[in-house]
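Per-entry structural report
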Amino acid sequence: MGAECQYELAQAAYVKLALHALKHPAAAVNGLLVGRLLDGASSPVVVAVVDAVPLSHCPHHLPLLPTHELALNLVEDHFGAQGLTVVCYYHANALRDDADLPAVAKRVGDHIFRNFPRAAVLLLNNNKLEEAVKGKNREPVVQHPILSNSSKWISSTV
Amino acid sequence: MAAAAVAAMATAADDEARLLRLEEQAGHGGGGAWEYLCLARKLRARRPDPVLRLGLALLNNSSARSRLASEQWTLYEQVAVAAMDCHRLDVAKDCIGVLSKQFPGSARIGRLEALLFEAKGEWADAERAYALILENNPFDQIVHKRKIAIAKAQGDMSLAVEYLNKYLELFMADHDAWRELAEIYVSLQMYKQAAFCYEELILAQPTIPLYHLAYAEVLYTMGGLENLQTARKYYASTIKLTGGKNTRALFGVCLCSAAISQLTKGRNKEEESSELQSLAAEALLNDYKQRAPSKEVLITNMLKNMKLS
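Per-chain numbering applies: the sequence of each chain, read as written, is numbered from 1 onward. Chain letters start at A and ligand numbers start at 1, both assigned in the order the entries are written. Selection of residues for local features in this predicted model requires a pLDDT of at least 70, selection of side-chain atom pairs for listing and counting requires 80 or more, and totals for whole chains, interfaces and linings are taken over all residues. Each side-chain value is derived from all of the structure's non-hydrogen atoms; neither hydrogens nor water enter the calculation.

1. Considering the overall build of chain A
Which entries qualify depends on this criterion: Runs of H or I in DSSP of at least four residues are treated as helices and runs of E of at least two as strands, each being numbered from the N terminus. For the exposure calls, accessible area comes from a 1.4 Å probe over protein chains only, and a residue counts as buried if that area is under 20% of its type's maximum, exposed if over 50%, partly exposed in between. In this description, contact between two residues means that some pair of their heavy atoms is separated by no more than 4.5 Å. Accessible surface is estimated by sampling points in the Shrake-Rupley manner with a 1.4 Å probe; for residues, cover comes only from the protein chains shown.
Looking only at helices and strands, chain A has four helices and seven strands in total. Traced from its N-terminal end to its C-terminal end, chain A shows the element sequence β-α-β-β-α-β-α-β-α-β-β. In chain A, buried positions account for 46% of the 158 residues. For chain A, long-range pairs separated by at least 24 residues make up 66% of all intrachain contacts whose partners lie at least 6 apart in sequence. Summed over all atoms, the accessible surface of chain A reaches about 7900 Å², with 53% contributed by carbon and sulfur.

This is the structure:
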């Protein structure tokens, strides 16, 4: 399991996740990203993220199991037909300055990792999102923790 | 009793639909702005952008404002709060200025001023202002709730929980507060405590399906055979209270049955449960056939997997 891994985020996926966060400014939002492993043999390994599936914007549904299980199952089935699988999970915190990855995000990330060893968790940077809306900053709005060898989610730069 | 709950939910949905329709209409200059604002106030809907735009338009139009007469002050208050939500603090300050000239020394205006501190992020000033109001009226529910909101906004969840518990000792019948506490517990993954809150809510208002559904979900998340069986019962009661229309509850019954059968593999299976599961599965399939036929295949596959597992 090499540590080098590149993720190519398709525009549709990126726009969907940014818009999802913007539509619910007062709540935490989360969702799944689907894609495929482009070329497992090359180094760095490239994962293409093709689409985003927004999950929820209700703060009290986030850490609850049944909806997540259903979502993972149904999304896997649906996109499996197209040869895609769940590769990432994205999350945006409700509080503006909260830059921590909440426990629930780590758990979902672990779950996805069991299925797809190159899973990643994307945390939206709320400050950057705000600046992007105002047109000031064109940097991507995600922070990008990946799974290190010691099973912890560490941050890496986009 | 169940019929009344369904009827109440139906009128709530109607109101929501009417609110959105009025918002569209008024937004395109089709009139009905005042009706929209009144409905938004009644439903306590949080729609700051349209409220701000339409409210300001009304207030700046002096002839429309004089037609409102005494109601204009409520409008000022509504617009001030919406302005703070949209971070238009200048507008909020103006509205509060007008109101405090009209009603000097009023506690209601004092709350708005403290809210403005909150919006600016000046937590210490806000807390001081609220403490002052509480000195005069220690049972001001709204101010207590704002203190909890400040704790939440600063990210101090344990403080928010502590305040909320103290609040509930005083105001045990405030259902929204119990719900808020349950949600915070869930976000902190303290599921047992969240379950307790939902139990209180179900005891107080047993005909509201939302509580049954939320309770079932928390139980499912906690896991374990007993919890799953109780969760299935509460999903079932949600289905009964909503007349079979709640998709999440239908899914919930299927998920619970699948999880229970996995846990009881090899032991004596209960016979009564299979009827519930097949009914729920059938209802789910029908629902998808009617509303989302393209996704029906997904559901059929999922149900097949569950029955096998």
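2. Focus on the interface of chain B and chain A
Heads up, the rule is: Two parts placed together each lose some accessible area under a 1.4 Å probe, and the buried area is that loss summed for both. Every case where a carboxyl oxygen of Asp or Glu lies within 4 Å of a side-chain nitrogen of Lys or Arg is listed as a salt bridge. Each polar contact in these results corresponds to two N or O atoms within 3.5 Å; when the atoms are within protein, one needs to be able to donate a hydrogen and the other to accept it, and residues that are neighboring in sequence are counted only if both atoms are side-chain atoms. Note on residue categories: nonpolar means Ala, Val, Leu, Ile, Met, Phe, Trp, Tyr, Cys or Pro, charged means Asp, Glu, Lys or Arg, and polar means any other residue, Gly included.
With 22 residues of chain B at the interface, the matching set in chain A holds 18 residues. Between chain B and chain A the total buried area reaches about 1900 Å² when both faces are included, carbon and sulfur atoms providing 69% of it. Taken together, the connections running from chain B to chain A amount to zero salt bridges. Summed over the shared surface of chain B and chain A, the result is one residue pair in polar contact (both at pLDDT 80 or more). Breaking the side of chain B that touches chain A down by element, the ones donating at least two residues are helix 9 (141-153), helix 11 (175-187), helix 13 (209-222), helix 15 (247-263) and helix 17 (296-308) of chain B. Across the side of chain B that touches chain A, the residue classes break down as 11 nonpolar, five polar and six charged.

3. Observations concerning the pairing of strand 4 (residues 85-92) of chain A
All names here are of chain A. To keep things clear, this is the line we draw: DSSP bridges decide pairing: two strands pair if at least two such bridges lie between them.
Of all eight residues in strand 4, eight are buried, a share of seventy percent or more. Here strand 4 pairs with strand 5 (residues 120-124) via four bridges, running parallel. Counted as the bridge partner of His91 is Leu123 from strand 5.

4. Considering empty space enclosed by the protein
Residues and elements named next belong to chain B. The line we're drawing: Cavity means a closed set of points on a 1 Å grid over the protein atoms alone, one where a 1.4 Å probe fits but cannot get out, pocket means an open set with protein on both sides within 12 Å along at least 5 of 7 lines, and lining means a residue has an atom within 4 Å of a point. Grid points are joined across faces, edges and corners, and a volume is the space filled by probe spheres set on the points.
For the coordinates displayed, the defined rule picks out three cavities of 30 Å³ or more. One number sums up the size of the second largest cavity: a volume of about 30 Å³. As for the second largest cavity, its lining consists of Glu127, Lys147, Ile150, Ala151, Gln154, Leu159 and Tyr163. Mapped by element, the contributors of at least two residues to the lining of the second largest cavity are helix 9 and helix 10 (157-170).

5. Here we look at the environment of Asp90(B)
Tracing the backbone shows Asp90(B) in helix 6 (residues 89-102). Of the residues examined, Asp90(B) reaches a relative accessible area of 45% and is grouped as partly exposed.

6. Quick word on the pairing of strand 5 of chain A
Strand residues, when the strand is regular, have side chains that alternate between the two faces of the sheet. For strand 5 of chain A, a buried count of five out of five residues is recorded, marking the element as mostly surrounded by other parts of the structure. Judged by which residues are buried, strand 5 of chain A turns out to be covered on both faces: Ala120(A), Leu122(A) and Leu124(A) on one side and Val121(A) and Leu123(A) on the other are all buried.

7. With respect to the pattern of salt bridges
Residues and elements named next belong to chain B. Across all of its chains, the model carries 15 salt bridges over all chains by this definition. Residue Glu180 pairs with Lys152 through a salt bridge whose shortest N-O separation is 2.6 Å. In this pair, Glu180 sits in helix 11 while Lys152 sits in helix 9, placing the two residues 28 residues apart along the sequence. Classification of Glu180 as partly exposed rests on a relative accessible area of 25%. Among the salt bridges present, the one from Lys166 reaches Glu162, with a minimum N-O distance of 3.5 Å. Of this pair, Lys166 and Glu162 both sit in helix 10, four residues apart, which is roughly one turn of that helix. Owing to a relative accessible area of 42%, Glu162 belongs among the partly exposed residues under this scheme.

8. Brief notes about the confidence of the model for chain A
What counts is decided by this rule: Residue-level confidence of the predictor is what pLDDT reports, using numbers from 0 through 100.
When the pLDDT values of chain A are averaged, the result is 71; 67% of them are 70 or greater. Taken as a whole, residues 147-152 of chain A scores under 50 in pLDDT and shows six contacts with residues more than four places along the chain or in a different chain.

9. Digging into the layout of surface pockets
Empty space within the second largest pocket amounts to approximately 670 Å³. Along the wall of the second largest pocket there are 23 residues; nearest its centre are Leu55(A), Thr67(A), Leu70(A), Ala71(A) and Leu74(A). Looking at the lining of the second largest pocket, the elements that each hand over two or more residues are strand 3 (45-56) and helix 2 (65-80) of chain A together with helix 15 and helix 17 of chain B. Broken down by element, the residue count for the lining of the second largest pocket peaks at eight residues, all from helix 2 of chain A. When grouped by side-chain class, the residues that make up the lining of the second largest pocket number 15 nonpolar, six polar and two charged.

10. Observations concerning the packing of helix 9 of chain B against helix 10 of chain B
All names here are of chain B. Counted only if it meets this: Lines fitted to C-alpha atoms define the axes here, with helix axes fitted over just the stretch in contact, and angles between the N-to-C directions of these axes take values from 0 to 180 degrees. In what follows, roughly perpendicular refers to angles from 65 to 115 degrees, roughly parallel to angles under 35, roughly antiparallel to angles over 145, and oblique to any angle outside these ranges. Crossings are assigned a handedness: left-handed for a near helix turned anticlockwise from the far helix by less than a right angle, right-handed for a clockwise turn.
One way to put it is that helix 9 packs onto helix 10 with a least axis distance of 7 Å and a crossing angle of 165 degrees. As far as their axial angle goes, helix 10 and helix 9 are roughly antiparallel. The two elements helix 9 and helix 10 meet at a crossing, and its hand is left-handed. Contact residues: helix 9 offers Gln141, His144, Lys145, Lys147, Ile148, Ala151 and Lys152, while helix 10 offers Met157, Leu159, Ala160, Tyr163, Leu164, Tyr167 and Leu170. Looking at side-chain class alone, the contact of helix 9 with helix 10 contains nine nonpolar, two polar and three charged residues.

11. Some details on helix 14 (residues 225-241) of chain B
Residues and elements named next belong to chain B. For clarity, the threshold we go by: By this rule the span expected of a helix is its residue count minus one, scaled by 1.5 Å.
Counted at 1.5 Å a residue, the expected span for helix 14 with its 17 residues is 24 Å, and the 24 Å between its end C-alpha atoms agrees. Within helix 14, the full set of buried residues consists of Leu228, Ala231, Arg232, Tyr235, Ser237, Thr238, Ile239 and Leu241. Downstream of helix 14 by a residue or two, Gly243 has a phi angle that is positive, lying close to 65 degrees.

12. A short note on helix 10 of chain B
For the α-helix, the turn length of 3.6 residues means that residues three or four positions removed from each other point alike. Taking 1.5 Å as the rise per residue, helix 10 of chain B with 14 residues should run 20 Å; its terminal C-alpha atoms sit 20 Å apart, in good agreement. The inward-facing, buried residues of helix 10 of chain B abut helix 9 and helix 11 of chain B.

13. Focus on the nonpolar core
Where we set the bar: By nonpolar core is meant a set of buried Ala, Val, Leu, Ile, Met, Phe, Trp, Tyr and Cys residues that side-chain atoms within 4.5 Å join together.
Ranked by size, the top nonpolar core spans 56 residues in total, and within it Val218(B) and Phe251(B) carry the most contacts. When residues in this core are grouped by element, the largest group, 10 residues, is from helix 15 of chain B. Ignoring any residue separated from it by four or fewer positions in sequence, one finds Phe251(B) in contact with Leu70(A), Leu74(A), Leu284(B), Tyr288(B), Ile299(B) and Met302(B). Of all hydrophobic cores here, the second largest spans 41 residues; its members include Tyr36(B), Ala40(B), Leu54(B) and Trp73(B).

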